[in-house]
Protein chains: 2
Amino acid sequence: MTVSRKRKSSGEDAVRRLRAAGLRPTRQRGALVELLGSGHRHLSAESLHQEAQQAGIGVSLATIYNTLHQFTEAGLLREVVVGAGRSYFDTNTGDHQHFYCEDDGSLIDIEGEAIAVAGVPAPPKGMAVDRVDVVVRVKRA
Amino acid sequence: MTVSRKRKSSGEDAVRRLRAAGLRPTRQRGALVELLGSGHRHLSAESLHQEAQQAGIGVSLATIYNTLHQFTEAGLLREVVVGAGRSYFDTNTGDHQHFYCEDDGSLIDIEGEAIAVAGVPAPPKGMAVDRVDVVVRVKRA
DNA sequence: CAATCAGTTTGGAATCATTCCAAACTGATT
DNA sequence: AATCAGTTTGGAATGATTCCAAACTGATTG
Ligand SMILES: [Mn+2]
Ligand SMILES: [Mn+2]
Ligand SMILES: [Zn+2]
Ligand SMILES: [Zn+2]
């Protein structure tokens, strides 16, 4: 019964999350929110698109891109750029950094409490620091 | 006189640098080495191509890409990836990091002695840290 | 100097992720 | 049910980069 109760509410939950983010709860957005669902994940537009297809959700790739960006602006996701033409969307929006393996393109979280960047100079006049990104590039030993 | 002496040797100097890097000193590579020349610079393939054209050097864009990558492998340049589809080649190969302004796409050096990253965990089994890149993203205040 | 050949250059086609666009659709409101 | 701003979508367009096969050229050899 716990299960069925949760099942029933998951759709409503997605709707709540979308409304809270100021986004109209459409079929596509609801389905994507649920796919992002639980746990921390690093996903590309393409991988999310494939997941959606497999889940039997009809969503165009264009909408995937639109939605990922809207979610990012709304603070539900964080975009992580690791290489030219290679960016991931991270469901972990908290303070953390990444290991990036160029060999297989994988990303691994580094907890924010563990890592620290010290000595960042004041930004140039008229500029403000938006974010400090650390990418630890690793290779097969 | 100092000037003329330097002028004369600059071509030979480029040849020396190329040979030292294990690259055959061709007309194109020699010209590009001289364009990179003195001082620290952040350049894109496209910007270097335009510079070459202006300097009256006939070099195809494909060769620019080939050469930039060869120079990078040879340690004469360092590639800095700041965003999807946006990478720069840096003539400063020493230890340093960057401010990146998304508004105008500019890069500014942060001296390596100034900035420090602490607490990087051991990389996953079988992986070795290749490099730690820090990008301080700034925006117009 | 001429022949030779691996290394290099090149224009143009091909990739690939992402963005753009105009037309069709749909959630919310009246 | 009518309305309309917000959304979605297939397909074209972009833009940086890579690929390719043919032409070229620096270095070596006889
Ligand atoms: Mn995580
Ligand atoms: Mn510099
Ligand atoms: Zn992450
Ligand atoms: Zn630099």
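The coordinates are above.
Bear in mind the structure is a predicted one, so any value in this text is a computation, not a measurement.

Rules of the game
- Residues numbered from 1 in each chain as written.
- Chains lettered and ligands numbered in written order.
- Predicted model: local features only at pLDDT ≥ 70, side-chain atom pairs only at ≥ 80, totals over all residues.
- Heavy atoms only, no water.
- Helix = DSSP H or I, 4+ residues; strand = E, 2+ residues; numbered from the N terminus.
- Contact = heavy atoms within 4.5 Å.
- Areas by Shrake-Rupley, 256 points an atom, 1.4 Å probe, with all protein chains shown as cover.
- Lys, Arg positive; Asp, Glu negative; His and termini not counted.
- Charge placed at Lys NZ, Arg CZ, Asp CG, Glu CD.
- Pairing = 2+ DSSP bridges.
- Axes fitted to C-alpha atoms, helices over the stretch in contact; angles between N-to-C directions.
- Donors = N, O, S within 2.8 Å, 3.2 Å for Na, K, Ca; no water.
- Buried < 20%, exposed > 50% of the residue type's maximum accessible area, 1.4 Å probe, protein only.
- Salt bridge = Lys/Arg side-chain N within 4 Å of Asp/Glu carboxyl O.
- 1 Å grid on protein atoms, 1.4 Å probe; cavity = no way out; pocket = protein on both sides within 12 Å on 5 of 7 lines; lining within 4 Å.
- Points joined across faces, edges and corners; volume = space filled by probe spheres on them.

## Thoughts on the overall build of chain A
Counting secondary structure elements, chain A contains four helices and seven strands. Start at the N end of chain A and walk to the C end: the helices and strands fall as α-α-β-α-α-β-β-β-β-β-β. With the C-alpha coordinates aligned to their principal axes, the bounding extent of chain A is approximately 50 × 40 × 35 Å. A separation of at least 24 residues holds for 39% of the contacts in chain A among residues at least 6 apart in sequence. Element-wise, carbon and sulfur atoms account for 49% of the exposed surface of chain A, whose accessible area totals about 7900 Å². Seen as two clouds, the 18 positive and the 17 negative side-chain charges of chain A have centres 7 Å apart.

## Here's the deal with the sheet that holds strand β7 (residues 127-140) of chain A
With respect to topology, six strands assemble into an open sheet ordered β5(A)-β4(A)-β7(A)-β7(B)-β4(B)-β5(B), the strand pairing being mixed. Each edge of the open sheet carries a strand with a single partner, namely β5 (106-111) of chain A together with β5 (106-111) of chain B. Here the strands of the sheet are splayed against their neighbours by 30° on average, with no regard to which way each runs. Judged from the six bridges that link them, strand β4 (residues 96-101) of chain A and β5(A) form a sheet pairing that is antiparallel. Among the inter-strand pairings, His98(A) is bridged to a residue of β5(A), identified as Asp109(A).

## Digging into the coordination of the zinc ion (ligand 3)
All names here are of chain A. Protein coordination of the zinc ion (ligand 3) is provided by His 42 (NE2), Asp 90 (OD), His 96 (NE2), His 98 (NE2) and Asp 109 (OD), with donor distances spanning 1.9 to 2.3 Å. A separation of 5.0 Å is found between the zinc ion (ligand 3) and the manganese ion (ligand 1), which share Asp 109 as a coordinating residue. You can see His 96 sitting in strand β4 and its partner Asp 109 sitting in strand β5, a full 13 residues away along the chain. By relative accessible area, which is 1% here, His 96 ends up buried.

## Regarding the pattern of salt bridges
Taken as a whole and judged by the stated rule, the model has 16 salt bridges over all chains. With its nearest N and O atoms 3.7 Å apart, the salt bridge here joins Arg16(B) to Glu12(B). Of the two residues, Arg16(B) and Glu12(B) are both situated in helix α1 (residues 2-20); the distance of four residues between them amounts to about one turn of the helix. Where Asp133(B) meets Arg131(B), a salt bridge forms, and the shortest distance between an N and an O atom there is 3.0 Å. Judged by its relative accessible area of 10%, Asp133(B) falls in the buried class. Connected through shared salt-bridge partners, Arg78(A), Arg131(A), Asp133(A), Glu102(B) and Arg137(B) make up one network.

## A word on empty space enclosed by the protein
For the structure on display, the rule yields two cavities of 30 Å³ or more. Lining the largest cavity are 18 residues, and of these Arg137(A), Val80(B), Val81(B), Asp133(B) and Val135(B) lie nearest its centre. Contributing elements (two or more residues each) for the lining of the largest cavity: β2 (78-83) and β7 of chain A together with β2 (78-83), β4 (96-101) and β7 (127-140) of chain B. When residues in the lining of the largest cavity are grouped by element, the largest group, six residues, is from β2(B).

Any functional reading would require information that these geometric values do not contain.
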